[in-house]
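Residue-level structure breakdown
One-letter residues, chain by chain:
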Amino acid sequence: MDLIPKAFVLYNQPLSQGDNMKLDQFIRDIPDFPKPGIVFKDITPLLANPLAFSSAIDSFVNYYRNGHLDIVLGIESRGFLFAAPLSDRLHKPLIPIRKKGKLPFDTHSTNYTLEYGEDSIEVHSDAIKPGQRVLIVDDLLATGGTMAAATRLAEQAGGEIAGIATLVELTALRGRQRLRGYDIFTQIKIKRI
Ligand code: AMP
């Protein structure tokens, strides 16, 4: 009998981009969710497949392992799913960016415009020290509005943006253009939305 579980062997293999599984097959389209006209990109099939999920985390680790960064910031809520294992693997502090009113201590706050109306996101005022290099993580980059707000928030708190990472990028929505000047790493680029 094999004494070392396969998942353990895979997890500990040397990492390289070429080992990345075809992850796009694990993203499910849900038309008209949460409202008519939106095709929701559902990442739960990827989360439910341990090999696909660990392949995604491996690719993030591989990309950032030699980079100079001090903190991993995760955007509520699906960003937490990727930011948490990444901070653990990189041995860097994990800092949550949350919707208004959720964080218990003093906060920095930034407003941003949604399709209808405004929202704000917050980070604890003592979470980022001036000059610290932050990696910001979310599940998906669409128009880039959420990520642009997160970069403003991190910079307002004194951080420098070391990188932006999302699992999925909806390229047609041109989020990248809105985030010019930052290093952006996304794994699954979807042209059709
Ligand atoms: P945006 O601010 O337009 O870049 O939108 C990115 C944020 O909204 C991310 O936190 C995503 O989780 C969510 N989001 C936007 N569009 C979609 C979509 N089509 N499917 C799933 N999540 C989305």
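Residues numbered from 1 in each chain as written. Predicted model: local features only at pLDDT ≥ 70, side-chain atom pairs only at ≥ 80, totals over all residues.

1. Notes on unusual backbone geometry
Cis peptide bonds are those with omega within 30 degrees of zero, and the linkage from Phe33 to Pro34 qualifies with 0 degrees. The residue Pro34 is located in the loop between strand S1 (28-31) and strand S2 (39-42) in this model. With an omega dihedral of -10 degrees, the bond running from Glu76 to Ser77 counts as a cis peptide bond. Topologically, Ser77 is positioned in the loop between strand S3 (71-75) and helix H4 (78-90). For Arg174, which is not glycine, the phi dihedral falls at a positive 55 degrees. Looking at where Arg174 falls in the secondary structure, it is placed in the loop between strand S8 (160-170) and helix H6 (175-178). Judged by the 13 C-beta atoms lying within 10 Å of it, Arg174 falls in the partly exposed class. (Helix = DSSP H or I, 4+ residues; strand = E, 2+ residues; numbered from the N terminus. Buried ≥ 20, exposed ≤ 12 C-beta atoms within 10 Å, placed from the backbone.)

2. Describing the site of the ligand
Taken together, 17 residues surround the ligand, and among them Lys41, Ala142, Thr143, Gly145 and Thr146 come closest. Breaking the shell around the ligand down by element, the ones donating at least two residues are S2, strand S7 (133-141) and helix H5 (145-156). By residue number, the principal contributor to the shell around the ligand is S7, which donates four residues. Residues of the shell around the ligand, tallied by class, amount to eight nonpolar, five polar and four charged. (Near = placed C-beta within 6 Å. Nonpolar A, V, L, I, M, F, W, Y, C, P; charged D, E, K, R; others polar.)

3. Quick notes on the confidence of the model for the protein
Per-residue confidence for the protein averages 91 on the pLDDT scale, and 90% of its residues sit at or above 70. When the criterion is pLDDT under 50, residues 1-19 qualifies, and its contacts beyond four places in sequence or with other chains add up to eleven contacts. (pLDDT = per-residue confidence, 0-100. Contact = placed C-beta atoms within 7 Å.)

4. Focus on the sheet that holds strand S4 (residues 94-99)
The sheet built from seven strands is open, its strands ordered S5-S6-S4-S3-S7-S8-S9 with mixed pairing. With one partner strand each, in any of the chains shown, strand S5 (107-113) and strand S9 (184-190) form the two edges of the open sheet. Going across the sheet, the axis of each strand differs from the next one's by a mean of 20 degrees, ignoring polarity. Across four bridges, the pairing between S3 and S4 is parallel. (Pairing = 2+ DSSP bridges. Axes fitted to C-alpha atoms, helices over the stretch in contact; angles between N-to-C directions.)

5. Describing the packing of helix H3 (residues 50-64) against H4
Close contact between H3 and H4 brings their axes to 10 Å; oriented N to C, the two are set at 50 degrees. Relative to H4, the element H3 lies oblique. As for the relative orientation of H3 and H4, their crossing is right-handed in sense. Contacts from Ile57, Phe60, Val61 and Tyr64 of H3 reach H4 at Phe82, Pro85, Leu86, Arg89 and Leu90. Of the residues belonging to the contact of H3 with H4, the class tally is eight nonpolar, no polar and one charged. (Parallel < 35°, antiparallel > 145°, perpendicular 65-115°, else oblique. Left-handed = near helix turned anticlockwise from the far one by under 90°.)

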